[in-house]
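Listed below are the residues making up each chain.
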Amino acid sequence: MGHIEAIKEGFRLVNRVWQLVLVQLSMVFISGIGFFVFVGIPLAVAFILFSIDLTGITEKDIFQLLKEPSEIISKYFGIVLFVILGLLIYFLAAITFSIYVFGGSVGVIGRALENKTLKFSMHLFFAEAKRLFLPMLSFTTLVGIILIAVAFVFGVLGGGVVALISFAKSQDSTLALFLSLFFSLILLLLLLTLFLGILSITIYGSAVLSIKGIGPLKSLKDAFQYIIKRPQAFWLYLLLFGGYILSSFLLVLLGYPFKLIPVIGPILSFPYQLISYVFQTYIGIAIIATIFIYYYSTEIPSKPVVESSTPQVLSQDKDTIHDS
């Protein structure tokens, strides 16, 4: 299957299960409520309990306090601990909820690939979310560990480059400038390549996890081998990623004039931002569907067609299925 055909099929699939867009929007709404409950309310209660008057604090006082954070912590330790606890609870709950919704979404997309007549239902979504939650949790944990390891390696390389440039400066400023530009470009290009590569492996790994139903580590390995075997899959992801960035930039650009309109501008900006987010969510799900379709069409073998000239074998297979 070609890239253009996969993109077309991806949008057709999303149009068939368009309710996933509403599910994603509901997740954002629930996460906003969760932030208010776990962070906003504890913060407000803490200020009330400790009788802190914010009305008398000026901008100069705020900058003065920020210069000495240790004084804030020692003076309002209970408030800091209370807010940090709320942030931690919210952070863990938000990640868990996001993985649950993502697992249900990719599960529905995978089932829609296997069954062309499948319609969306919340029962199907919750069943897929339950099936994929633990594998997806382990999968995202592995990806997070890989990202941390890559960041650590780049931190070490960056430190080495800085030391090399410092040494070159003591010898020749022109050489130091050349080395600075050269190594900065090399590190930036390498970082961008690794970042996009890890993202593509993550998306294709989600397809492997959902469609094949194998373990998280095996899914990552299979996704890596699949991209190495089919470089076109990586180029498809780059095309989709670039399209998403371009569409997001255009949406921001089109919404900028609302900020220039006095009084009524912010009022008109709110529905536009809502529509923009819905559109971005739709595009994001379409990208996932396109990746899944391309992987499914190139990796999953099609079912063989049984010829009508072998009725005995067909009858025997039916009896075997009936007995089992």
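Residues numbered from 1 in each chain as written. Predicted model: local features only at pLDDT ≥ 70, side-chain atom pairs only at ≥ 80, totals over all residues. Heavy atoms only, no water.

Student: Sorry, what's going on with the overall build of the protein here?
Tutor: A count of helical and extended segments in the protein gives eleven helices and zero strands. Scanning the protein from its N terminus toward the C terminus, one meets helices and strands in the order α-α-α-α-α-α-α-α-α-α-α. Burial statistics for the protein: of 324 residues in total, 31% are counted as buried. Contacts spanning at least 24 positions in sequence make up 79% of the contacts within the protein whose residues lie at least 6 apart. For the protein, the exposed area adds up to about 20700 Å²; of that, 74% sits on carbon and sulfur atoms. (Helix = DSSP H or I, 4+ residues; strand = E, 2+ residues; numbered from the N terminus. Buried < 20%, exposed > 50% of the residue type's maximum accessible area, 1.4 Å probe, protein only. Contact = heavy atoms within 4.5 Å. Areas by Shrake-Rupley, 256 points an atom, 1.4 Å probe, with all protein chains shown as cover.)

Student: It is not clear to me how the nonpolar core should be interpreted in this structure. Could you clarify?
Tutor: Note that soluble globular proteins tend to have their nonpolar side chains buried in a common cluster. In this structure, Leu13, Leu20, Ile109, Tyr204 and Phe292 are the most contacted members of the largest nonpolar core, which totals 54 residues. Here the element with the most residues in this core is helix H10 (residues 264-299); it accounts for eleven residues. Beyond its immediate stretch of four places on either side in the chain, leucine 13 contacts Ile109, Ala112, Leu113, Ala289 and Ile293. Counting residues in each nonpolar core, the second largest holds five residues, with Phe154, Ile165, Leu179 and Leu187 among its members. (Core = buried A, V, L, I, M, F, W, Y, C linked by side-chain atoms within 4.5 Å.)

Student: Even after reading the chapter, I still don't get the environment of serine 180, so can you show me in this structure?
Tutor: When you line up the elements, serine 180 lands in helix H7 (residues 173-212). By relative accessible area, which is 25% here, serine 180 ends up partly exposed. Linking serine 180 and valine 162, residues 18 residues apart in sequence, is a C-alpha distance of 8.2 Å.

Student: Help me understand the packing of helix H9 (residues 231-260) against H10, please; the structure alone is not making it clear to me.
Tutor: The relative placement of two packed helices is expressed as an angle between their axes plus a distance between the axes. Where H9 contacts H10, the axes come no closer than 10 Å and their chain directions differ by 175°. Comparing their axes, H10 and H9 come out roughly antiparallel. In terms of residue class, the contact of H9 with H10 is built from 17 nonpolar, ten polar and no charged. (Axes fitted to C-alpha atoms, helices over the stretch in contact; angles between N-to-C directions. Parallel < 35°, antiparallel > 145°, perpendicular 65-115°, else oblique. Nonpolar A, V, L, I, M, F, W, Y, C, P; charged D, E, K, R; others polar.)

Student: Hey, could you run me through the pattern of salt bridges in this one?
Tutor: Between side chains of opposite charge, pairing is possible as soon as their charged atoms come close. Within this structure, the stated rule accounts for six salt bridges. Note that arginine 111 is salt-bridged to glutamate 128, the shortest N-O span being 3.2 Å. In this pair, arginine 111 is assigned in helix H5 (residues 77-114) and glutamate 128 in helix H6 (residues 122-171), connecting sequence segments 17 residues apart. A relative accessible area of 5% means that glutamate 128 is categorised as buried. Residue glutamate 128 pairs with arginine 131 through a salt bridge whose shortest N-O separation is 2.6 Å. (Salt bridge = Lys/Arg side-chain N within 4 Å of Asp/Glu carboxyl O.)

Student: For this particular structure, what's the right way to read the packing of aromatic side chains?
Tutor: Here the distance between the centres and the angle between the planes together describe a pair of aromatic rings. Taken as a whole, this structure holds nine aromatic pairs when the rule is applied. Relative to phenylalanine 126, the ring of phenylalanine 125 has its centre 5.7 Å away and its plane inclined at 70°; by these criteria the two rings are edge-to-face. Here tyrosine 226 and tyrosine 295 contribute two aromatic rings whose centre-to-centre distance is 5.0 Å and whose plane-to-plane angle is 70°, an arrangement assigned as edge-to-face. With tyrosine 226 in helix H8 (residues 216-229) and tyrosine 295 in helix H10, this residue pair connects regions lying 69 residues apart in the sequence. Here tyrosine 226 and tyrosine 295 have matching classes, each one buried. Clustering of aromatic rings is evident, with ring pairs tying together Phe120, Phe125 and Phe126. (Phe/Tyr/Trp six-rings, centres within 6.5 Å; stacked < 30°, edge-to-face > 60°.)

Student: How should the environment of serine 31 be read in this particular structure?
Tutor: The topology assignment puts serine 31 in helix H2 (residues 19-49). In sequence terms serine 31 and tyrosine 90 are 59 residues apart; their C-alpha atoms lie 8.6 Å from each other. Aside from chain neighbours lying at most four places away, what touches serine 31 is Tyr90 and Phe97.

Student: In this structure, what is going on with the side chain of threonine 202? I would like to understand it.
Tutor: Structurally, threonine 202 is set in helix H7. Overall, the relative accessible area of 17% leaves threonine 202 in the buried class. In this structure, threonine 202 is in contact with Phe139 and Val143, ignoring residues within four places of it in sequence.

Student: What am I meant to see in the side chain of glutamine 24 here?
Tutor: Within the secondary structure layout, glutamine 24 lies in helix H2. Judged by relative accessible area, which is 16%, glutamine 24 ranks as buried. With residues up to four places along the chain from it excluded, the contact list for glutamine 24 reads Val101, Ser105, Thr281 and Ile285.

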